[in-house]
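Below are the chains, spelled out letter by letter.
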Amino acid sequence: MRISLAILFIITFGFAQVTGPLPDFSADMDYFCYYGSMGEAEVYQAQYFDLIILSGLQVAAEEVQDIQNGLDNLSGTDDDVLVFAYLSMGESGSSNVTGDGSGPVYYNGADTIFQHAGYASFFLDDQDHNGAPDMNGTWNSYFVNAGDPSWWEYNATMVDAILIEKACDGLFLDTITVPAPASWGGVYGWTTQGMAEYIAHLRSQYPDKFLFANNPSIYMHPSLPGFAYRDLIRTSINAYMYEGYYLTWDWEQEIGYVSPWFENARDTWAPLINAEAIKPDGFTPVALDYVTVEQADYETLLTQQIQFTEVDQAWLTAVSSVMLNEIRYDAYHNHPVDNNPPTWTNLPGVLYFEYDAAEVTLYWNAAIDQTWPISYQLYFGDAFPDFDEGNIFEIISPTASENFDWEFTVNNVEVFSEYFVAMRAIDGTPEAHTDMNRRVYQISTDPNSFGDLAIDGQFNDWLNIDNLDVQGALIEMAGDTPISACDIVDVWAAHDEDFLYFSCSFSEIPQINSYFYHLFLDTDENFSTGFHSGGSALGADYMVENSSLWHYTGSNDSWSWEWIGGIDLHVGITGEPRFEASIPIETLNLAGIQLNLLFNVNDNSEVGDDDYAPDEYTTDSYSYDMTPLGVQNLSLPESMIISTSPNPFNTAVTFTITKPAGYGGKGHIDIYDLRGRLVNSIKFQVGVDEQITWNGRDNRNRNIASGLYLFRVLKDNNAKDPLLSVGKVLALK
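All of the points below concern the structure found in this document. (Residues numbered from 1 in each chain as written. Predicted model: local features only at pLDDT ≥ 70, side-chain atom pairs only at ≥ 80, totals over all residues. Heavy atoms only, no water.)

1. As for the packing of aromatic side chains
Following the criterion strictly, the structure yields 48 aromatic pairs and no others. When the centroid spacing of 4.9 Å and the interplanar angle of 45 degrees are considered together, the rings of F122 and F123 count as tilted. By relative accessible area, F122 is classed as buried at 2%. Ring centres 4.8 Å apart and planes at 80 degrees place the aromatic pair Y246 and F262 in the edge-to-face group. With Y246 in the loop between strand 13 (239–243) and strand 14 (247–250) and F262 in helix 6 (residues 262–277), the pair connects residues that are 16 residues apart, well separated along the chain. A single burial state applies to Y246 and to F262, both of which are buried. Linked through ring pairs, F32, Y44, Y48, F49, Y329 and Y332 together constitute an aromatic cluster. One residue, R578, lies across the ring of W492, its end atom 3.7 Å from the ring centre. (Phe/Tyr/Trp six-rings, centres within 6.5 Å; stacked < 30°, edge-to-face > 60°. Buried < 20%, exposed > 50% of the residue type's maximum accessible area, 1.4 Å probe, protein only. Helix = DSSP H or I, 4+ residues; strand = E, 2+ residues; numbered from the N terminus. Lys NZ or Arg CZ within 6 Å of the ring centre and 35° of its normal.)

2. Topic: the sheet that holds strand 28 (residues 488–495)
Read across the open sheet, the four strands follow the order 28-29-35-34; overall the sheet is antiparallel. Of all the strands in the sheet, the pair left with one neighbour each is strand 28 and strand 34 (568–571). Going from strand to strand, the sheet's axes swing by 15 degrees on average, the running direction of each strand aside. (Pairing = 2+ DSSP bridges. Axes fitted to C-alpha atoms, helices over the stretch in contact; angles between N-to-C directions.)

3. A few points about the sheet that holds strand 25 (residues 406–411)
Picture the strands of a sheet paired through backbone hydrogen bonds; they go either parallel or antiparallel. Taken in spatial order, the four strands make up an open sheet running 19-20-25-24, and their pairing is antiparallel. Whereas interior strands pair on both sides, the edge strands pair on one side only; in this sheet they are strand 19 (350–356) and strand 24 (399–400). Two strands pair when backbone bridges link them, and strand 19 and strand 20 (residues 359–364) are joined in this way by six bridges, in the antiparallel orientation. Paired with V350 across the strands is W364, a residue of strand 20.

4. Observations concerning the pairing of strand 22 (residues 375–381)
Of all seven residues in strand 22, seven are buried, a share of seventy percent or more. Neither face of strand 22 is left uncovered, since the one carrying S375, Q377, Y379 and G381 and the one carrying Y376, L378 and F380 both have all their residues buried. Note: strand 22 against strand 26 (residues 418–426), seven bridges, orientation antiparallel. For Y379, the partnering residue across the bridge sits in strand 26 and is A422. The pairing of strand 22 with strand 23 (residues 392–395) spans four bridges and is antiparallel. Each bridged residue has a counterpart across the sheet, and for Q377 the counterpart in strand 23 is E394.

5. Comments concerning the pairing of strand 4 (residues 51–54)
For a regular strand, the rule is simple: side chains alternate between the two faces of the sheet. By the alternation rule, side chains of strand 4 split into L51 and I53 and I52 and L54, which are all buried. Examined bridge by bridge, strand 3 (residues 31–34) and strand 4 share four bridges and lie parallel to one another. Note that in strand 4 the partner of F32 across the bridge is I52. Read as a crossover between parallel neighbours, the route from strand 3 over helix 1 (residues 40–46) to strand 4 is right-handed. Summarising the sheet, strand 4 and strand 5 (residues 82–88) pair through four bridges and their orientation is parallel. Note that in strand 5 the partner of L51 across the bridge is L82. On the question of chirality, the crossover connecting strand 4 to the parallel strand 5 by way of helix 2 (residues 61–68) is right-handed. (Right-handed = clockwise from strand over helix to strand, strands pointing away.)

In structure tokens:
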């Protein structure tokens, strides 16, 4: 049960307004959604939960109060229950509403057409324009325009009865996704703005009540038109339900099964939802999935559902059958003990920095965990991080950031200096579990430098990265396709030890869900193998299609691909016609340091041909050097000479070290893989010219895999200038 029911209020225009997430709620609490009839037994069952959603038509005022008071029948104690009542936002249970008789209506692309067929003006007829309200055949309900003020007036009496007469704590807002955008195959996208305005209207009309929205996903993705009203939705609701996140319903067999869209929900939608949820004016995220106790795989699916929702996402969770006509306790108090450190949903730690007037401001996105609150441990210093020593900042309450989740400013830094940055997240358990990521971020206070790329739909961090055309590849010409959203203007690529980043700009804002945007990658330096898109010279071993990564498994250009997983992709949030994305390097089987790229948009129409970059794709592709940015940008002593032979090597590599003037003492060569993991460390004497041989084994004497490896030559016992040289070697086994 909740520890307390202390509600946060902000005084606005003379009344108390409930803002932000539900008070004192965390993933280890219990909620349920039940639309069946109420009686003494159901009231008693409902009292066990911390929050319950009911049908406002099925529950009486005295039953609401009885549930709210909890099992001890006392208000204001630890076992109190929040009670929400159902409200349909985009559908009407009946079509027998005449209103002013001007409906139903439809949108012709420019105007709302009133058909004056004797129906209320809020009924929709976009499907067939037959003069009758469009119908949801599954639930036998009728689609409405939620932005029509007559719909607000029609619902007002019922809402007053629920929130005032029955004194429910809030409304559960269902059928929000009726105004699906055209990219989802919907015809009601023109009502998206009105739906957002109705939710905001309810917030203003009932400022002291909670609003709980059922999956307003059309407002969360930058590529969808509803994204313009994202902030309005976030600041109006207190809780967000993702219905069918992991388990959806099979209507024929009447059982639950793993949603075919789960990977997309986990990799694309959950990060977008969590990013909004953690903001100061955010909301409490929950999941509702469907499964029956009778099906054979029930126990397995329930265990997985709790893992993927409560543990991985830190969401409240519940499961039921699709009719929601029984109160069940499948996930009730079924909370795994939190033995895990926080999880980063993208790159761990700091993502971006800004330097100004002896201050460095660091930006990062929140980690998630089952046990809140999450604090952060920041290392900021001029030597490689050691979390057991100084230069540690304990960030208990970070500052909210406009473009990222959090920010923190370090003062009194020196200009034209190099600093090492690392961050770890700590959960709220008494044991204080700390994530042990080893991602080190090297930054410079040289005003001309830039930090790591953040995939966030903003492109200022690409300013110092040249487009691929500058590197000598054939140029992509703009204006060679009649569909502007498919017309490639320019392309970029960059990478660090963890990710390959790429970006693509267009003549018009790209619609990622409408067209097929591709990046074809040749990773084996062999153009004869892999898929040849449209007769291209490049043989692609991997393909990015929209926000998914695929590995080629076919031959002779057959369309045969294996899905690897989702990737992080964002369209410009400020309206810039461009997107950016990142691919984990570990998912690509790189044979060397050369990567070849081909960008393609299949416009999926007969208006024009596909657009390719480079334009002469049948004879050329973009060649990209995978040498890490950090290696390229480091400033090294000119007098130190490190040579390697042979390179690439099959069994061993020899490092020839020529002593620089003024250097003496001991040193060591650290060898890393592309994920930044230390493979081996070899000691040597700096004051002696010598050759050091590495036998291609790790520090446990195991053979390493073929691939690219990085090395750093450091001088021992010199914290101010330990770095003597860096480089790369290619091992072929």
